[in-house]
Amino acid sequence: MFKIIANVRQRYRWALIAIALLISGSALLLQYGFSVQKYDAKIINMAGKQRMLSQKIAWHSNALLSSRIDVATHTNSLEHSLAQFKTAHEVLLTKQGSSYRYLTPELVKLYFAEPANLDSEVNEFIAQASWLLYQKGEVDTQVLNVAHVENLLAKLDRAVTLFEQHAVKKVNRVSNLELLCWLVAMVLLLVELRFVFMPMEKEVERTLTALQKQKDFVAQMSQNKEHFIARASHEFRTPLQGLITSIDELSINAEQQNIKTQASYCALRLLSMLDELQDLQALSTGKWAPILKNENLLESINKVVLAYEYAAQQKGLTLITHFDESLNCFCKLDHQRLQHVLTELISNAIKFTDKGEVEVAANMQNSQLQLTVNDSGCGFSSEITELEFDSFKQTNHFQGLRTGLTRAQYVVKALHGSLSFKNNAANGAHVTLNLPIEITNQQTEREVEKKLFCLVVEDNELNTLLLTRILATLGVDYECVVNGLEACEKVGKADYDVVFMDLNMPVMDGFEATKKIRKELNKTMPIIVVTANTSAEDMDLIYEYGASEHIHKPISKQAVADALVNVCIANEIN
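Caption draft 1: Structural view of the pairing of strand 12 (residues 477-481). Bridge count between strand 11 (residues 453-457) and strand 12: 5 bridges; the pairing is parallel. Note on strand 12: the bridge partner recorded for valine 456 is cysteine 480.

Caption draft 2: Focus on the sheet that holds strand 7 (residues 368-375). The strand order 4-6-7-9-8 describes an open sheet built from 5 strands, whose pairing is mixed. The sheet is open, and its two borders are formed by strand 4 (318-323) and strand 8 (418-423), each paired with just one other strand. Averaged over all adjacent pairs, the angle separating strand axes in this sheet is 10°, with direction ignored. Both strand 4 and strand 6 (residues 357-365) contribute to a ladder of 6 bridges, which runs parallel. In the sheet register, threonine 321 faces strand 6, and the bridge partner there is valine 360. Set on the sheet, helix 8 (residues 297-307) makes contact with strand 4, strand 6 and strand 7; between it and strand 4 the angle comes to about 175°. Running at roughly 20° to strand 7, helix 10 (residues 335-351) makes contact with strand 6, strand 7, strand 8 and strand 9 (429-436) of the sheet.

Caption draft 3: Up close: the packing of helix 8 against helix 10. Between helix 8 and helix 10, the shortest axis-to-axis distance is 9 Å and the interhelical angle comes to 40°. The two elements helix 8 and helix 10 meet at a crossing, and its hand is right-handed. Contact with helix 8, carried on its side by Leu297, Ser300, Ile301, Lys303, Val304 and Val305, involves His335, Leu338, Gln339, Leu342, Thr343 and Ile346 of helix 10 and no other residues of that element. Residue composition of the contact of helix 8 with helix 10, grouped by class: 7 nonpolar, 4 polar and 1 charged.

Caption draft 4: Layout of the state of the cysteines. Counted according to the given criterion, the structure contains 0 disulfides. Cysteine cysteine 331 shares no disulfide, and the gap to the nearest cysteine sulfur, in cysteine 329, comes to 5.4 Å. Since its relative accessible area comes to 0%, cysteine 331 is described here as buried.

Calculation rules
- Each residue is numbered by its place in its chain's sequence as written, counting from 1.
- Owing to the predicted nature of the model, reporting of local features is limited to residues with pLDDT of at least 70; listing and counting of side-chain atom pairs is limited to 80 or more, with chain, interface and lining totals taken over all residues.
- Computation of side-chain values covers all heavy atoms of the structure but excludes hydrogens and water.
- By definition, two strands form a pair when at least two bridges between them are found by DSSP.
- A helix here means a DSSP run of H or I that spans at least four residues, while a strand means a run of E at least two residues long, and both kinds are numbered starting from the N terminus.
- Fitting a line to C-alpha atoms yields each axis, with helices limited to the stretch in contact; the angle taken between N-to-C directions then spans 0 to 180 degrees.
- What makes two residues a contact is simply this: any of their non-hydrogen atoms within 4.5 Å.
- Left-handed describes a crossing whose near helix is turned anticlockwise from the far helix by less than a right angle; the clockwise case is right-handed.
- Polarity classes work like this: nonpolar for Ala, Val, Leu, Ile, Met, Phe, Trp, Tyr, Cys and Pro, charged for Asp, Glu, Lys and Arg, and polar for all others, with Gly in that last group.
- Disulfide assignment relies on a single distance test, namely cysteine sulfur atoms paired within 2.5 Å.
- Burial classes: relative accessible area under 20% of the type maximum marks a residue as buried, over 50% as exposed, and values in between as partly exposed (1.4 Å probe, protein chains only).

Rendered as structure tokens:
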């Protein structure tokens, strides 16, 4: 790419230089033509003035010869006219070396050759007028009579004509040169078009074609990566669903509580890594958007802190928390992403603290959450103002997938908050999170008022078991099918209050089944999509096909209950 830019630049410069030189030459030629015309006009004017002066001289001379009345007036006018006539004649006959400056060969012949011999005639005319004016001798009146003056006028008129013809020749010559410059410019443009711009266009076209192929390849690779991450996430979330639910439902004694905490920590860490990969993909494609929910802020923070108690105990660290009572409120926020951010901050603090403690403190003032994480570890080697997105450029203080804190910072910015990193006064790191909070009214437990009959569409037995177990605890009756085709058959025969629809299934997937239920079967019952897909395109598509709500795996009892309440209330309103 840089090679073609340099090549295009070089060709373009040479083309511009050639055009600039030609334009400059044409401009200089025009200036020369204007100066020649201006000077020739001056000479022609001077030659034309000679005719008028000769008439004035003859008239004043004859007036002095025939009458003595008003002698002073005629004398002054004659003296002035004679001086101008003589000076102009001398200028017209100015020599430049051995040749005359303003006279062409025809003019030289007119002025000095027989029979015209204009120079001698003019000099004789000037002499006779001077003798008359200054009383120097006998005046030849024949030289000053009308016939002789008319003959002189004819020769002077011929001189003016020759001067004009010479000027016209110069103008024609400049005009021809200008026409030649125009023709050269046209030829130069054609040459540049053929040998500069057309090859340049072909080279640019070839390069753009190659770049388009590379762009298509990169886009395909990005799409493949997105599909792989989405598929891998889906496959990992299925066993994680069972693992997390099973751990939560374990009833164990106090001695085994550490084991349960360890298992919960590992499962949540795996889920966090999956979220990290998916968020990273969404971040790189600009498809990330916060999902706002109305939940208790203190509970959201405590869920993360409790999960890291085991990790702190394993390293012999003390995990200290200071949570102000002001956090015990319900707020509209992307609680899951807030938990991801807090997970990254606490995880890195524990990783880089070999002994001592990790302190997490939070309070809320004026609808602003301020959360700090302090550790007694190694701290930062240098000041951090902005985390690098490129994992290879990040400081060694960050481990794991090396994208977590960058992702956390992106999330915080999207939520209109800020993250700052600095060292403690003694040792260790000090991380501060500031986040605006929209406090809402306390959420009350909502229940579905009537007995529901649901259809569960899920091909994975473990997911079916977990979902039906939750539905049973909520007092919901259900039937199960393993693909979208069976779901359409069931919906066509029975009336269900709600359909729980998985998306990735054999025979007929959830997309097609949802579309068929709405368009062909004309059923209006709520459809709750239960999926591990987090792709924005997939979410948009399911709602376009007619989904009412969606739940991301791994699911929880609260998420299922909220979804049921939401769709049932909406259905009653409709």
